[in-house]
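Structural overview for review
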Amino acid sequence: MAASSTFPLKDDLDIVIPTIRNLDFLEMWRPFFQPYHLIIVQDGDPSRNIKVPDGFHYELYNRNDINKILGPKASCISFKDSACRCFGYMVSKKKYIFTIDDDCFVAKDPTGKDIDALRQHINNLLNPSTPYFFNTLYDPFSDGADFVRGYPFSLREGVPTAVSHGLWLNIPDYDAPTQLVKPRERNTRYVDAVMTLPKGILFPMCGMNLAFDRSLIGPAMYFGLMGDGQPIGRYDDMWAGWCVKVICDHLGLGIKTGLPYIWHSKASNPFVNLKKEYKGIFWQEEIIPFFQDAILPKECITVQACYKELSKQVKDKLGKIDPYFVKLADAMVTWIDAWDELNPPAKVAGSK
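Quick summary incoming for the structure in this document. Treat the numbers as computed from the prediction; the structure is a model and nothing was measured.

**Focus: the side chain of K256**
- Considering the arrangement of structural elements, one finds K256 in strand β9 (residues 254–264).
- Here the side chain of K256 touches N124 through a polar contact of 3.3 Å, landing on its backbone oxygen.
- A polar atom in the side chain of K256 sits 3.3 Å from the backbone oxygen of N127.
- Those residues in contact with K256, other than ones at most four positions away along the chain, are N124, N127, P128, S129, D139, T161, V163, S164, H165, V194, M195 and T196.

Set out below in structure tokens:
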């Protein structure tokens, strides 16, 4: 019991890390991560030897492994882009996933204490969300908080939390134009709050400090086609977030954002980012209204069914913007087919 409380969900959670470099950053996270199982997705040159500090239990997959496991369906996994992390979600057999970038370090709270980001994510996921009515004291399930006067008692039970979206101190997650006009800006504001995203409201999900309940929303956590050979990059996590939010709203699931913070250690090159983002900057003005208007039929009662229906709408409506979205819609279907191959539904007792 003591071990499980020290490292909650130790046997039920995988930590997924996309990388192109040695994982020295894990030394800083050792007090918090060492008992957990890691899934490392190596991007780029598969012949490169990635070094992992001693004492960690992990599986490492490179592009050759992805191709071998998925065969022709490997085409849905991005190359030379951190979107490749979603392969780790697919091969995991755990109920929960925490994913973190290799330039994210342990942050400190205002008292100077190291923040156990993973523990806070787990706390967020294990407590309900409240997407149907906003609580002005933020997360009513947090220590020292509750539902405020006027909050409907009929909604206080909440709904299952599918996603916990954490934030960052130091380098903010800005787009390239904002990076260029604010090159020295750093986030020093620690806001001690967690809140549920209201139903019907989209958000720009960042994948560098993110946890989710794989059993509830895993098949929708596809980070799209980005990077090598694609006309767009740096929209992988946001694409996943928009899809996930529409599906969570439809299925009655919740998403939390706020705590925990990590320390984002370095800013990526804004000029390189601009080359990756520039089409997305234009396209998002049509992509976001598409997701705001997206409606899933009541017959869609599984994440897979919702996701395939959404792919049809992507092809039909966003395909008119650029042929890329037709290709992306096809990849969304391939992703679900590959997910179901590696994660077949459990057989009902007594069935043949």
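Text resumes after the structure shown.
**Examining the side chain of D249**
- Within the secondary structure, D249 is located in helix α8 (residues 236–251).
- Setting aside residues no more than four positions away along its own chain, D249 makes contact with K199, G200 and I201.

**A closer look at the environment of D249**
- The class of D249 is buried, set by a relative accessible area of 15%.
- Along the chain, D249 and G200 lie 49 residues apart, while their C-alpha atoms are 6.9 Å from each other.
- Among the polar contacts listed, one links the side chain of D249 to the side chain of K245, at a separation of 2.9 Å.

**Some thoughts on the nonpolar core**
- Counting 67 residues, the largest nonpolar core has I217, Y222, W239, Y307 and W335 as its most contacted members.
- Per-element accounting of this core gives the leading share, 10 residues, to helix α11 (residues 324–342).
- Every residue in contact with I217, bar those within four places of it in the chain, is listed here: A162, V163, F212, V244, I247, C248, L253 and V303.
- One finds F33, Y36, V106 and A117 within the second-largest nonpolar core, a separate group that totals 30 residues.

Procedures and definitions
Each chain has its residues counted from 1, following the order in which its sequence is written. The predicted origin of the model limits local features to residues at a pLDDT of at least 70 and limits the giving and counting of side-chain atom pairs to 80 or more, whereas totals for whole chains, interfaces and linings rest on all residues. The basis for the side-chain values is all heavy atoms of the structure; hydrogens and waters are excluded. Each helix is a run of H or I in the DSSP string that is no shorter than four residues. Each strand is a run of E no shorter than two, and both are numbered from the N terminus. Polar contacts, as counted here, are pairs of nitrogen or oxygen atoms within 3.5 Å of one another; within protein the pair requires one atom able to donate a hydrogen and one able to accept it, and residues that are adjacent in sequence qualify only if both atoms are side-chain atoms. Contacts were defined at the residue level, with two residues in contact if any of their heavy atoms lie within 4.5 Å. Note on classification: 1.4 Å probe, protein chains only; a residue is buried when its accessible area is under 20% of the maximum for its type, exposed when over 50%, partly exposed between these limits. The definition of a nonpolar core used throughout is a set of buried Ala, Val, Leu, Ile, Met, Phe, Trp, Tyr and Cys residues joined through side-chain atoms within 4.5 Å.

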